[in-house]
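# Commentary on secondary and tertiary structure
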Amino acid sequence: MYNIINEGSINLKIPKAEKISKEMDVFYNPVMGLNRDISILLLNSINKENMQIADPLAATGVRSIRFLKELSKNKIKNIYINDYNKDAISLIKQNLALNKIQYKNKKIIIKNQDANLFLLNSNGFDYVDIDPFGAPIQFLDSACKRLARDGILAVTATDTSALCGTSPKACLRKYWSVPKKSAIMHETGLRILIRKAQLIAAQYDKALFPIFSYSKEHYMRAFLKNNKGKNKVDRILKQHGYFNNAGPLWLGKLWDKKLTNSIYKNALKNRIFKNNRELVNFLYIIKEESKINAAGFYDLHHICGKNKIRHLQKKEDIINNIKKLGYKASETHFKGEGVRSDISYSELIQIIS
């Protein structure tokens, strides 16, 4: 049995299911709509056309179909839509037809292969989107091998129990890093994910620089731009280290400030996204965060508990007071009680005491 639903500008035929799980005939998670929204906004915000795009784990085809309908004209040269599940391939074709997209042409290539074999049997891509159910580890090597110069690797991880420290042994096995369950665990987990992708790419003299990254609900997501060259790889590796007793992890920037600003502005101008308050507010906070070059953030509730501060000022007032001292400060999307700033811990305590 199937339902017809709407996401973004498209209609989508999906299997009926009592709950979202990998046991579904063809996987679809409506919560990841925001994930796909941001992918579209990012690709529309970069100065790149005629891209070769790979969707190796396409499932219902929702991401690829939205790309075809919502990316700007001339963005896509070819889009490869792949899934190992034959039922998924049938549903992808039905969903393309449902949205009046002719797919028997050179622009749209549908494949029914194992995701890694699909990638390894291809020539190369300007954009590869790895969005699996669980850990992305098993797909990173083939994705990095087929990522073109200046290409973008988008990677999602939903195994947050490993990355955030609930299952530290799993994190060590999968990501070669020790996590820490703490107030800032979602940021350290995201930085662990980024480092792992960077290490895989480094073997092929590919330097993956984060251009947009975030943590949301049950998953973490990073967009990494490939800069080719040994010296650039060496620069990446020098920015691996330890933070908040977690690591090794990526200590560099999580965002390209200019791109992050463009993504936010494009969301405000786009008829599909501008009325989505959750998305717009989320992007606004990240835009403000991207102005501050500081790893980690301060959890105000944690600090108050540790220092026995009974009355906490409003977060907005604390941010303004930090700025009055000449420091940068903003909310953080990682946690509602968090503040990202380049102020020292001791000076922050003076402000909130």
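My aim in this report is to walk through the structure given alongside it, one point at a time. Predicted model, so just to flag it, every value in this text is computed and none were measured. (Residues numbered from 1 in each chain as written. Predicted model: local features only at pLDDT ≥ 70, side-chain atom pairs only at ≥ 80, totals over all residues. Heavy atoms only, no water.)

The end-to-end C-alpha separation of helix 3 (residues 86-98) is 18 Å, in line with the 18 Å expected for 13 residues at 1.5 Å each. Regarding helix 3, the residues found buried are A88, I89, L91, I92, N95 and L96. Each buried residue of helix 3 sits inside an arc of 165° when the element is viewed along its axis, so together they form one side. Where helix 3 is buried, its residues meet strand 1 (2-7), strand 2 (10-15), helix 2 (62-70), strand 4 (76-82) and strand 5 (108-111). Of the residues flanking the start of helix 3, the one acting as N-cap is N85, its side-chain oxygen 2.7 Å from the backbone nitrogen of D87. In the segment just after helix 3, K100 is the residue with positive phi, at about 55°. (Helix = DSSP H or I, 4+ residues; strand = E, 2+ residues; numbered from the N terminus. Expected span 1.5 Å × (residues − 1). Buried < 20%, exposed > 50% of the residue type's maximum accessible area, 1.4 Å probe, protein only. Arc of directions from axis to C-beta. Contact = heavy atoms within 4.5 Å. Polar contact = N/O pair within 3.5 Å; in protein donor to acceptor, adjacent residues only side chain to side chain.)

With that settled, consider the pairing of strand 3 (residues 51-55). Of all five residues that make up strand 3, four are buried, and the element is covered over most of its length. Two strands pair when backbone bridges link them, and strand 3 and strand 4 are joined in this way by five bridges, in the parallel orientation. By the bridge assignment, D55 is partnered in strand 4 with I81. For the crossover that starts at strand 3, traverses helix 2 and ends in the parallel strand 4, the hand is right-handed. One ladder, built from two bridges, connects strand 3 with strand 6 (residues 125-130); its direction is parallel. (Pairing = 2+ DSSP bridges. Right-handed = clockwise from strand over helix to strand, strands pointing away.)

It is worth spelling out unusual backbone geometry at this point. Between G247 and P248 the backbone carries a cis peptide bond, its omega angle lying at 0°. Within the secondary structure, P248 is located in strand 11 (residues 246-250). Although it is not a glycine, K100 adopts a positive phi angle of roughly 55°. K100 sits in the exposed class, given a relative accessible area of 74%. Of note, D205 is a non-glycine position whose phi angle comes to about 55°, a positive value. Within the secondary structure layout, D205 lies in the loop between helix 8 (185-202) and strand 8 (206-216). D205 sits in the partly exposed class, given a relative accessible area of 28%.

Taken N-terminus to C-terminus, the directions of helix 13 (residues 315-324) and helix 14 (residues 345-352) make an angle of 125°; their axes are 10 Å apart at the nearest point. Taken together, the axis directions place helix 13 and helix 14 in an arrangement best described as oblique. Two packed elements cross with a definite hand, and for helix 13 against helix 14 that hand is right-handed. Residues I318, N321 and I322 of helix 13 touch helix 14, and the partners they reach there are L348, I351 and I352. Split by residue class, the contact of helix 13 with helix 14 holds five nonpolar, one polar and no charged. (Axes fitted to C-alpha atoms, helices over the stretch in contact; angles between N-to-C directions. Parallel < 35°, antiparallel > 145°, perpendicular 65-115°, else oblique. Left-handed = near helix turned anticlockwise from the far one by under 90°. Nonpolar A, V, L, I, M, F, W, Y, C, P; charged D, E, K, R; others polar.)

A surface patch of positive charge is lined by R149, K228, K232 and R235. Mapping K228 onto the fold places it in strand 9 (residues 219-228). (Patch = residues over 30% accessible without salt bridge, like charges linked within 9 Å, V, L, I, M, F, W, Y side chains within 5 Å. Areas by Shrake-Rupley, 256 points an atom, 1.4 Å probe, with all protein chains shown as cover. Salt bridge = Lys/Arg side-chain N within 4 Å of Asp/Glu carboxyl O. Lys, Arg positive; Asp, Glu negative; His and termini not counted. Charge placed at Lys NZ, Arg CZ, Asp CG, Glu CD.)

In this section: the nonpolar core. Note on soluble globular proteins: their nonpolar side chains tend to be buried together. Grouped together as the largest cluster of nonpolar side chains are 93 residues, with contacts concentrated most on L42, L153, F212 and F223. Aside from chain neighbours lying at most four places away, what touches F223 is I38, S39, L42, Y127, I152, L153, A154, F209, P210, I211, F212 and Y214. Ranked by size, the runner-up nonpolar core spans 15 residues in total, among them L300, I322, I349 and I352. (Core = buried A, V, L, I, M, F, W, Y, C linked by side-chain atoms within 4.5 Å.)

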